[in-house]
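# Notes for the structure review
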Amino acid sequence: FSFFAVVPKKGPYRLPVTDVSDLGMGFDLDMEGESPEGFQVKTGETLEIHFYLNQSLYLPLQAEIVRIEDRKTHRFIGARFIEQNASANAAFSAFIRLLDGILEHVQSDLNAGK
């Protein structure tokens with residue numbers, strides 16, 4: 001899977017998603033060479049996030065920023081989903097359950113030679 005996030009308020013940038021769970025997600029907020037001053041955020045702020053499953057399908061989610069890590073080349077955001085009863089959140093939870101089921105049985109070519 002190659003998930004990515006878009007923060008519409010920031011623009012159409014494909015932001016790499018590195019962590020997903022029922023409760024939230026982690027993603028890179030900045031693109032390579034981009035200055036953090038161009039899009040400022042703070043802990044506790046709520047963002048609309050489009051979680052893309054592929055190039056054209058996404059779930060619109062609302063998330064609260066709970067962690068901001070300044071790394072050398074970008075900021076990493078940890079976000080907690082809000083509106084737990086929203087249909088998009090229910091769809092996301094169902095998708096995570098599907099992923100969990102797949103991961104129990106998945107095999108990778110990367111491990112084939114070991």
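Just so we're clear, the structure is a prediction, and the values are computed from it rather than from any experiment. (Residues numbered from 1 in each chain as written. Predicted model: local features only at pLDDT ≥ 70, side-chain atom pairs only at ≥ 80, totals over all residues. Heavy atoms only, no water.)

### Describing the pattern of salt bridges
This structure, assessed with the given rule, holds 5 salt bridges. For arginine 75, the salt bridge identified is with aspartate 30, shortest N-O distance 2.6 Å. In this pair, arginine 75 sits in strand E6 (residues 75-81) while aspartate 30 sits in the loop between strand E3 (24-28) and strand E4 (46-52), placing the two residues 45 residues apart along the sequence. Two residues, glutamate 69 and arginine 67, come together in a salt bridge whose shortest N-O distance is 2.9 Å. Relative accessible area serves as the criterion here: at 28%, glutamate 69 is assigned to the partly exposed category. Each of Arg67, Glu69 and Arg71 takes part in salt bridges that share partners, so that together they form one network. (Salt bridge = Lys/Arg side-chain N within 4 Å of Asp/Glu carboxyl O. Helix = DSSP H or I, 4+ residues; strand = E, 2+ residues; numbered from the N terminus. Buried < 20%, exposed > 50% of the residue type's maximum accessible area, 1.4 Å probe, protein only.)

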